[in-house]
Amino acid sequence: MHWPTGLSRSWISLAIGGAFAVGALACSGGKSAPRGGAQSALLEAMKARKLSEADVQAALKTYTPTGRMDEYLTFASGGHSGQVIVIGVPSMRILKYIGVFTPEPWQGYGFDEQTKGVLAGGRRAGHDITWADTHHPALSETAGDYDGQYLFIGDKANPRLAVIDLADFTTKQIVTTELIGSDHGAAFVTPNTDYIVETTQYPVPFGGGYADPAKEYKEKYRGAAVFWKFDRKKGRIDPAASFAVEFPPYTQDLADAGKLVSDGYAFFNSINTELAWGGNQEGQPSMESSYSKSDMDYLHIVNWKKAEELVAAGKAETIAGMKVLRLEVSAAEGVLTFVPEPKSPHGVDVSPDGEDIVVGGKLDTHGTVYSIAKIKALIAAGKFESKDPYGVPVLPFKEAIRGQVELGLGPLHTQFDNQGNAYTSLFLETVVAKWSLKDLKVLDKLPTHYNIGHLVAAEGDTVSPDGGYLIAMNKWALDRFNKVGPLLPQNFQLVDLSKPKMSLLYDMPIPLGEPHYAQMIKADKLKPVDVYKPGEDPITGEKSPEMVEANKERVERKADGVHVYMTAVRSHFTPDIIRVKEGDTVKLHIDNIEQAYDATHGFAINSYNINISIEPGEHSDVTFVADKAGVFPMYCTEFCSALHLEMAGYLLVEPK
Ligand code: RUQ
Ligand code: CUA
């Protein structure tokens, strides 16, 4: 904690400790202590704003003066917005929305050729998809620790995965496979980011085919864990080197990769070993009741290193362009093993040392702690209690667990700190439960407002969590904020973990979608660039072949259209008049030729839906057909200088 200069630590503690005794103030570093006036001003402010001592303490722990940076950055899913939200901790200031699956006008994301190409990677069934249900972001890891290089995030609705480069905080790639029809366990990375895991939620027939669930659910519907291969040198997923492990249609839920002693394994929950498929107007019970009929579902244990070997040895079958390790192979070769888990669980989280796998009970009051040492020993000894109907060996539950912790109502997700503690969100009880991993005992509970889903602690799912801060990501906001109609924001609550008892520091509304998960990284691990290299195409990372240099601006009529080579610099575009003929294809190549930090220009043209953002050094391409004759103002959309309004021109489309 940095204390404001000029005030001594003891003054602060005195002030917020409620003493406020006039004259009893310490003097530090030769600076005079605040006198009675300062204290009474503080007291007055507290009174005027009806603040308690706890409020003032919380304020002091989060207030971030001008120019001061945050200690952590949180990358939160933007829920339905299809974006990622970057939030500073402890200030809870929003630093950026990163356009990912959805066009994002401020960044011009989805408007230029470069980013249109990225979004096109996420087309499914021949359709452009302009939204996403983003759930789980995952920072790239090296040896199980965040390395600050990349961020990945999954779209549950249209099973897709995006790659964001943290060198410039922009989306570089979206991949999808028609093998599966939805995901939920995405994105989760293996400890060196060799693979990014994407697991199905709702099973469908592989490859998008048709099958009537009433007749063929068990035979034709399938789940899968897709292991997308990440090529770190290129900073891209390599679909050709990726593979999937077929699962029975048990409706898999969340996922996590093993680390350290459990490296090489990945874990997946399932919630529907009942094989229900709905049909509440067809004489069947609703999914709601039929999914949770049995007492146990199966935790899926995948030995992905073995799977990788088998795929390399040609044991996979290609379906919908994806190499798939079929169930028979996985079951026979020890790639896939099950162990029972209590009633429709939700989160599965591997402890920092990799030894424990914590499963949140959801409909059970327990957190179940599996031991990878026990699991490995049981597998090695071939100690299976049964096989599931698909031939997958099942380990005995009691012998695979280290124990269970009685947490309370509705345990979902778990995070960890640097003191051997775990923090589990309890949705129904609407609290964070802090518990000791060693003794499996609850130590503290903190109410949240309301119905917490995920929670994220500082570096809380790495091999070396930091403790200190946690954010409760709550689903209901009710009475926490000013009323804004029937659709309410979500509520992120910052929690102080620095003391044995947790305390609430800050409420932050999230008003653009329902974020699910987030990850919190030490800010000094991130080293983003200030500007692009001159002429850089941010998607290729290379100098664009169409780069435009100062004094080389020109218009060229070519076979494929009118090429306009344009530069932007405070405060003009060159050329500032574009003359084309009605029906021409126009290809704009625009370079922001500035290298000054923060000197962004925008570029918009009326009626043609053209809007881009050109950061310093950036090269951008825009293609459109000038199919409507007329005069169309074009201008810079960033207030870049005193002469910003003058940074304008005309597109003149001469009638045929
Ligand atoms: S979740 S519903 Cu991560 Cu709890 Cu998606
Ligand atoms: Cu450039 Cu305004």
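Right above here is the structure, for reference.
Residues numbered from 1 in each chain as written. Chains lettered and ligands numbered in written order. Predicted model: local features only at pLDDT ≥ 70, side-chain atom pairs only at ≥ 80, totals over all residues. Heavy atoms only, no water.

1. So, the overall build of the protein
How we decide: Counting from the N terminus, the helices are the DSSP runs of H or I reaching at least four residues and the strands are the DSSP runs of E reaching at least two. In this setup the radius of gyration rests on C-alpha atoms only. A globule is expected at 2.2 Å times the number of residues raised to 0.38. Partly exposed residues are those whose accessible area sits between 20% and 50% of the maximum for their type, while under 20% is buried and over 50% is exposed, using a 1.4 Å probe and protein chains only. Residue contacts are counted whenever heavy atoms from the two residues lie within 4.5 Å of one another. Here Asp and Glu are counted as negative and Lys and Arg as positive; His is not counted, and neither are the chain ends. By convention, the point assigned to a charge is CZ for Arg, NZ for Lys, CD for Glu and CG for Asp.
The number of helices and strands found in the protein is 10 helices and 45 strands. Computed over its C-alpha atoms, the radius of gyration of the protein comes to 28 Å, within 12% of the 26 Å expected for a compact globule of 656 residues. Across the 656 residues of the protein, 56% fall into the buried class. Within the protein, residue pairs in contact and separated by at least 24 positions form 60% of the contacts whose partners lie at least 6 positions apart. Side-chain charges in the protein split into 64 positive and 83 negative, and the spacing between the mean points of these groups amounts to 3 Å.

2. Brief notes about the site of ligand 1
Our working rule: One heavy atom within 4 Å of a molecule or strand is enough for the residue carrying it to be called near that molecule or strand. Classes in brief: Ala, Val, Leu, Ile, Met, Phe, Trp, Tyr, Cys and Pro nonpolar; Asp, Glu, Lys and Arg charged; the others, Gly included, polar.
Around ligand 1, the surrounding shell consists of H135, H136, H184, L254, H346, H413, H454 and H516. Within the shell around ligand 1, the residues separate by chemical class into 1 nonpolar, 7 polar and no charged.

3. A word on the layout of surface pockets
Rules: A pocket here means an open set of points on a 1 Å grid, computed over the protein atoms alone, that has protein on both sides within 12 Å along at least five of seven lines. A cavity is instead a set of points where a 1.4 Å probe fits but cannot get out; residues with an atom within 4 Å of a point line either one. Grid points are joined across faces, edges and corners, and a volume is the space filled by probe spheres set on the points. Residue ranges labeled as domains rest on an automatic or database domain assignment.
In this structure, the largest pocket occupies an estimated 1,100 Å³ of space. Along the wall of the largest pocket there are 40 residues; nearest its centre are K96, D168, F169, V529 and Y597. Classifying every residue of the lining of the largest pocket gives 20 nonpolar, 10 polar and 10 charged. There are two domains that each give the lining of the largest pocket at least three residues, and those are domain 2 (72–277 + 285–525) and domain 3 (554–654).

4. Brief notes about the side chain of T176
Convention followed: In the analysis that follows, any N or O atom pair within 3.5 Å is treated as a polar contact, provided that within protein one partner can donate a hydrogen and the other can accept it, and provided that, for residues neighboring in sequence, both atoms belong to side chains.
By the element assignment, T176 lies in strand β7 (residues 170–176). Here the side chain of T176 touches R124 through a polar contact of 2.8 Å, side chain to side chain. At 2.6 Å, the side chain of T176 forms a polar contact with the backbone oxygen of P159. Other than its neighbours up to four places away in sequence, T176 contacts G121, R123, R124, P159, R160 and W228.

5. Observations concerning the nonpolar core
Put simply, the rule reads: Among the buried residues, those of types Ala, Val, Leu, Ile, Met, Phe, Trp, Tyr and Cys that are joined through side-chain atoms within 4.5 Å form a nonpolar core.
By size, the foremost hydrophobic cluster in this structure holds 50 residues, and its most contacted members are F227, F267, F268, V302, I357 and Y370. Formed by 27 residues, the second largest nonpolar core is a distinct cluster that contains M566, A568, I605 and F624.

6. Considerations on the packing of aromatic side chains
For the record, the criterion: A pair of Phe, Tyr and Trp rings is counted when the ring centres sit within 6.5 Å of each other, with Trp represented by its six-membered ring. The angle between the planes then sorts it: under 30 degrees is stacked, over 60 is edge-to-face, the rest tilted. Lysine and arginine charges are scored as sitting over a ring when NZ or CZ, respectively, is within 6 Å of the ring centre and within 35 degrees of the ring normal.
Summed over the entire model, instances satisfying the criterion amount to 18 aromatic pairs. On the basis of an interplanar angle of 75° and a centroid distance of 6.1 Å, the ring pair of Y72 and Y469 is categorised as edge-to-face. Note that Y72 is positioned in strand β1 (residues 72–77) and Y469 in strand β30 (residues 469–474), a separation of 397 residues in sequence. Ring geometry for F573 against F603: centres 5.2 Å apart, planes inclined by 85°, an arrangement best described as edge-to-face. Linking F573 in strand β38 (residues 572–574) with F603 in strand β41 (residues 601–605), this pair joins segments that are 30 residues apart in sequence. Each of the two residues, F573 as well as F603, counts as buried. Among the aromatic residues, ring-to-ring pairing joins Y195, F227, F243 and W304 into one connected group. A cation over an aromatic ring shows up here: K229 above the ring of Y195, its NZ or CZ 5.0 Å from the ring centre.

7. What about the pattern of salt bridges?
This is how it is decided: The working definition used for a salt bridge is a side-chain nitrogen of Lys or Arg within 4 Å of a carboxyl oxygen of Asp or Glu.
Following the criterion strictly, the structure yields 32 salt bridges and no others. Ionic pairing is found between E178 and R124, a salt bridge with its closest N-O pair at 3.7 Å. Taken together, the positions of E178 in the loop between β7 and β8 (185–189) and R124 in the loop between α4 (113–120) and β4 (134–142) put the pair 54 residues apart, joining distant regions of the chain. Of the residues examined, E178 reaches a relative accessible area of 32% and is grouped as partly exposed. Note on R124: relative accessible area 11%, which makes it buried. Between E459 and K525 there is a salt bridge, with the nearest N and O atoms lying 2.8 Å from each other.

8. Regarding the sheet that holds strand β24 (residues 401–406)
Threshold: Here the rule is simple: two strands pair whenever DSSP picks up at least two bridges between them. To define axes, lines are fitted to C-alpha atoms, for helices over the stretch in contact only, and angles between the resulting N-to-C directions are given on a 0 to 180 degree scale.
What the 4 strands build is an open sheet, ordered β19-β20-β21-β24; its pairing is antiparallel. Each edge of the open sheet carries a strand with a single partner, namely β19 (348–350) and β24. Taken over all neighbouring pairs, the strand axes of this sheet differ in orientation by 20° on average, direction set aside. Pairing of strand β20 (residues 356–360) with strand β21 (residues 366–371), which is carried by 5 bridges, proceeds in the antiparallel orientation. Within β21, the residue paired with V359 across the bridge is T368. Sheet strands in contact with helix α9 (residues 372–380) are β20, β21 and β24, and its direction is about 55° off that of β21.

9. So, the pairing of strand β6 (residues 160–165)
Buried residues dominate β6, accounting for 6 of its 6 residues. Burial of the side chains of β6 extends over both faces: R160, A162 and I164 are buried on one face and L161, V163 and D165 on the other. Inspection of the sheet shows strand β5 (residues 145–155) paired to β6 by 6 bridges, in the antiparallel sense. Each residue of the ladder has a partner; that of D155, found in β6, is R160. Following β5, the chain reverses through 4 residues before pairing antiparallel with β6. Where β6 folds back on β7, the antiparallel hairpin that results is connected by 4 residues, among which F169 adopts a positive phi of roughly 55°.

Functional significance is not addressed by these values, which are geometric in nature.
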